[in-house]
Structures are given as C-alpha cells and as structure tokens.
Amino acid sequence: RELKTAISKGTATQKIMVNHVMSDLVSSLLPRKKSAVISVEVRISEQTVKLLAEIKSGASILLLHLPQPSHRLHYMIEQLRRLVKAPDVKISSRSVREVPDLSALLNSAQYDLYLIGPGARGEVPHEMRKTPRVVQIVPQLDPASLEIARIRAGVII
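The rules behind these values
Residues numbered from 1 in each chain as written. Predicted model: local features only at pLDDT ≥ 70, side-chain atom pairs only at ≥ 80, totals over all residues. Heavy atoms only, no water. Helix = DSSP H or I, 4+ residues; strand = E, 2+ residues; numbered from the N terminus. Buried < 20%, exposed > 50% of the residue type's maximum accessible area, 1.4 Å probe, protein only. Contact = heavy atoms within 4.5 Å. Salt bridge = Lys/Arg side-chain N within 4 Å of Asp/Glu carboxyl O. Pairing = 2+ DSSP bridges. Axes fitted to C-alpha atoms, helices over the stretch in contact; angles between N-to-C directions. Right-handed = clockwise from strand over helix to strand, strands pointing away. Patch = residues over 30% accessible without salt bridge, like charges linked within 9 Å, V, L, I, M, F, W, Y side chains within 5 Å. Areas by Shrake-Rupley, 256 points an atom, 1.4 Å probe, with all protein chains shown as cover. Core = buried A, V, L, I, M, F, W, Y, C linked by side-chain atoms within 4.5 Å.

(A) Quick peek at the overall build of the chain. Within the chain one finds seven helices and eight strands. With respect to the three principal axes, the spread of C-alpha positions in the chain is 55 × 35 × 30 Å. For the chain, with 157 residues in total, the buried portion stands at 37%. Counted over contacts in the chain with a minimum sequence separation of 6, partners at least 24 positions apart contribute 60%.

Shown next as structure tokens:
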C-alpha cells in the first residue's frame, strides 16, 4: 500500500530497485507508465554459506519464510540444498505467518535447525533469533547486479 501511495503522489516516472525475488510482484502492483522496476540480485552472505556448510548429515531443517508463491519457494529450497553439503538433510518449509505458536515451535525438538529467511526476520522476536538452533539467512547484494541496476537507474558516480 505504501508503495502504491508513494507512486500515485509523484508525477514523474519512478525507478524502483527491488531484489530479484520480489521484482515480478512489485511490477504487478505498479502502473507501467509511471514506474520502472529495476531488479537487483541478492545472494546469501558468505557467513550464512559457511554456517549451512557445517550442518551435520541427517539433520532436519525448517525454513521459516513469508508467504511465497510455490515457484519462489521451490527456488529458495533448491538454493539451500546446493549450499548444505551434508547428505540426507531434510529441508522443510513453512510460512512464519502460518505458525500459531512460534515460541513453542522454536523450542520444540521437531527440527534440528530453524532457518529464518530475510523477509521473515521481523516476524520472529529478537530473543528467539538468538537461540543456537536458529540461523538467520543474511542476504547480500550481488555487486555486478547492483552495478547494472545503478546504470539502468541513471545514477552517475
């Protein structure tokens, strides 16, 4: 809503940079003639990659995320599968908004590890994010993609 309101107040064409996962959604929300959506690729940080590589064989993992279309969720899980080096790791996913009692879930032994996606971070209380079995997926902008987006947006440095 805030994005639509901001665009409707402006008269000039707006250029909006968004991560590649949200690009299609943002494009569908905005009038084409008044706005240009510029996608920037976001990757998982090296710190997070190292943590995922240390996961033990046979672990069960739950990815907590914001509601996502199935194709986006499939992409996210496949990216995780490539980064988790251990064999026989079971990766499940669930929208953080579908969990009736997040505290009970994170304190349960149902999963060995809980991964919190970047968008879901705000939905998980700070003290719960600090527990050892919770790993926050930290994003980082891809430098080459950011440079291309900068040029497309017409930013000169």
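(B) Quick look at the pattern of salt bridges. Under the counting rule described, the total for this entry stands at five salt bridges. A salt bridge links Glu-123 to Arg-97, with the nearest nitrogen and oxygen atoms 3.2 Å apart. Linking Glu-123 in the loop between β6 (113-116) and α6 (126-129) with Arg-97 in the loop between β5 (90-95) and α5 (102-107), this pair joins segments that are 26 residues apart in sequence.

(C) Up close: the pairing of β6. By the alternation rule, side chains of β6 split into Leu-113 and Leu-115 and Tyr-114 and Ile-116, which are all buried. With four bridges joining them, strand β4 (residues 60-65) and β6 adopt parallel strand pairing. For Leu-63, the partnering residue across the bridge sits in β6 and is Leu-115. For β6 and strand β7 (residues 134-136), the ladder comprises three bridges, and the chain directions are parallel. The partner of Leu-115 across the bridge, within β7, is Val-135.

(D) The sheet that holds β6, seen in detail. With respect to topology, four strands assemble into an open sheet ordered β5-β4-β6-β7, the strand pairing being parallel. Strands at the two margins of the open sheet, each flanked by one partner only, are β5 and β7. Averaged over all pairs of adjacent strands, the angle between their axes in this sheet comes to 25°, without regard to strand direction.

(E) Representation of the environment of Ala-109 within the structure. For Ala-109, the position within the fold is in the loop between α5 and β6. Each C-alpha atom of the pair Ala-109 and Ser-23 lies 36 Å from the other, and the pair is 86 residues apart in sequence.

(F) Spotlight on the pairing of β5. Where β4 meets β5, six bridges bridge the pair, whose relative direction is parallel. For Ser-60, the partnering residue across the bridge sits in β5 and is Lys-90. Handedness of the crossover joining β4 and β5 through helix α4 (residues 70-83) is recorded here as right-handed.

(G) Quick peek at a nonpolar patch on the surface. On the surface, a nonpolar cluster with roughly 250 Å² of combined accessible area is contributed by Met-17, Leu-141 and Leu-146. Mapping Leu-141 onto the fold places it in strand β8 (residues 139-141).

(H) Spatial organisation of the nonpolar core. One finds Leu-52, Ile-55, Ile-61, Leu-80, Val-89 and Leu-115 to be the most contacted residues of the largest nonpolar core, which totals 17 residues. At the level of secondary structure, the elements contributing two or more residues to this core comprise β4, α4 and β6. For this core, the leading source of residues is α4, giving four residues. Ignoring sequence-local partners within four residues, the contact set of Ile-55 consists of Ile-61, Val-84, Ala-86, Val-89 and Leu-113. Counting 14 residues, the second largest nonpolar core, distinct from the first, contains Leu-64, Tyr-111, Val-124 and Val-134.

Take it as geometry only, folks, not as evidence of what the structure does.
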